[in-house]
Amino acid sequence: MLRVLAVDDEKPLLEELLYLLSSDPRVLSAEGASDATEALRRITRALESGPEGPDGIDVVFLDIHMAGLTGLDIARLLAGFARPPLIVFVTAHEGFAVQAFDLKAVDYVLKPVRPERLGEAVRRACAQLGRAAAQPPEPAEPAGTAGRAGLPAPPGPSVPPQRRPAPELTVADRTADQIAVELGGVTRFVAIADIAYVEAQGDYARLHTDEGSHLVRIPLSTLEERWAARGFVRIHRRHLVALGRIDELRMDAGTTSVRVGSAELQVSRRHARQLRDLLMRQATG
């Protein structure tokens, strides 16, 4: 069971977050703080108490944009302690994900917060802490079932409940030709054929199209494997490119780069030969 602190300087949003957290059976207690100063006081008390102490906090659910210190500032302060509480960022802004995961955040939840998405953040926190209650408990059997009304089920193997598609659980392929992306609780479907290249950003990947970019929580290595048959090739540890969207291949003084639309991307030495071969094969049919 988790002891959590939610921090947000917008009272209605804080109250909603506390309500959702308190409704999760894996959460033992949920406290709120309406600004960074109040949050730091409570976290200081928790650190003095220790993780197992009566005032301990397991997870802090942090807004990013707040008056005074931001959520990122608080996370940086906590990173200096030996056993700080885990951090989950809860924000309306997708642009801080890389910084958040550099600070070892457990999760990055976009507002408006959906209960199932927040539940996944709780699951991840439980898993990282090694708590048994990584999934909500199953509803109790109806009275009279198998003559065990009101009694806990006997120990033994259990069948896990049906779960939403993973990973990273906020993103899944809608069809073979599309990928779902989330922004502020709204799901959009992007055609894979519209994606020119993909950029690694921590635990996330940013999909670049002619119209803009989209952040998804899928590792670049997963997309590399999934989209290889669609002509996507790895050119660098940070970049995956649609072969058909490469406009130019440039080689200069031992370095190789490609132009994809207006973007110029470096090609690592280990991928340069394979890329040249693939482009030559494509050009010769």
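So, a few notes on the structure that sits alongside this text. Here the residue numbers are simple positions, counted from 1 along each chain's written sequence. The model is predicted, so local features are restricted to residues of pLDDT at least 70 and side-chain atom pairs to those at 80 or more, both for listing and for counting; the totals for chains, interfaces and linings are taken over all residues. Remark: hydrogens and water are excluded; side-chain values derive from all non-hydrogen atoms of the structure.

The next thing to look at is the environment of Arg 124. Working definition: helices are DSSP H or I runs of at least four residues, strands are E runs of at least two. Numbering for both runs from the N terminus. Position of Arg 124 relative to the elements: it lies in helix H5 (residues 115-129). For every residue, the accessible area (1.4 Å probe, protein chains only) is compared with the maximum for its type, and the residue is labelled buried under 20%, exposed over 50%, or partly exposed between those bounds. Overall, Arg 124 belongs to the buried group, its relative accessible area being 10%. It is 6.7 Å that separates the C-alpha atoms of Arg 124 and Val 106, two residues lying 18 residues apart in sequence. A polar contact is formed between the side chain of Arg 124 and the side chain of Glu 120, at a distance of 2.8 Å. Polar contact is defined as a pair of N or O atoms within 3.5 Å, subject to the rule that within protein one atom must be able to donate a hydrogen and the other to accept it, and that residues adjacent in sequence are counted only when both atoms are side-chain atoms.

In this section: unusual backbone geometry. With an omega of -5°, the peptide bond between Lys 111 and Pro 112 qualifies as cis. Structurally, Pro 112 is set in the loop between strand E5 (107-110) and H5. Here Lys 104, not a glycine, exhibits a phi torsion of approximately 65°, which is positive. Exposure remark for Lys 104: the relative accessible area of 67% places this residue in the exposed category. Positive phi, close to 55°, is recorded for Ala 253, a residue that is not glycine. Relative to the helices and strands, Ala 253 resides in the loop between strand E13 (248-252) and strand E14 (255-260). Note on Ala 253: relative accessible area 80%, which makes it exposed.

Right, let's get into the sheet that holds strand E10 (residues 213-216). The strands making up a sheet associate through backbone hydrogen bonding, with each pair oriented either parallel or antiparallel. Strands are labelled as partners when DSSP assigns at least two bridges between them. Reading across the sheet, the 5 strands line up as E10-E9-E8-E12-E11 and stay open at both edges, with antiparallel pairing between neighbours. Two strands close off the open sheet at either side, each with one partner strand: E10 and strand E11 (232-236). Direction aside, neighbouring strands of the sheet carry axes that sit 25° apart on average. For strand E9 (residues 204-209) and E10, the ladder comprises 4 bridges, and the chain directions are antiparallel. Note that in E10 the partner of His 208 across the bridge is Ser 213. Sitting on the sheet, helix H6 (residues 220-227) touches strand E8 (195-201), E9, E11 and strand E12 (239-242), and the angle it makes with E8 is about 150°. Where helices are involved, their axes are fitted lines through C-alpha atoms of the stretch in contact, as for all axes, and angles between N-to-C directions lie from 0 to 180°. Whether two residues are in contact is decided by their heavy atoms, any of which lying within 4.5 Å being enough.

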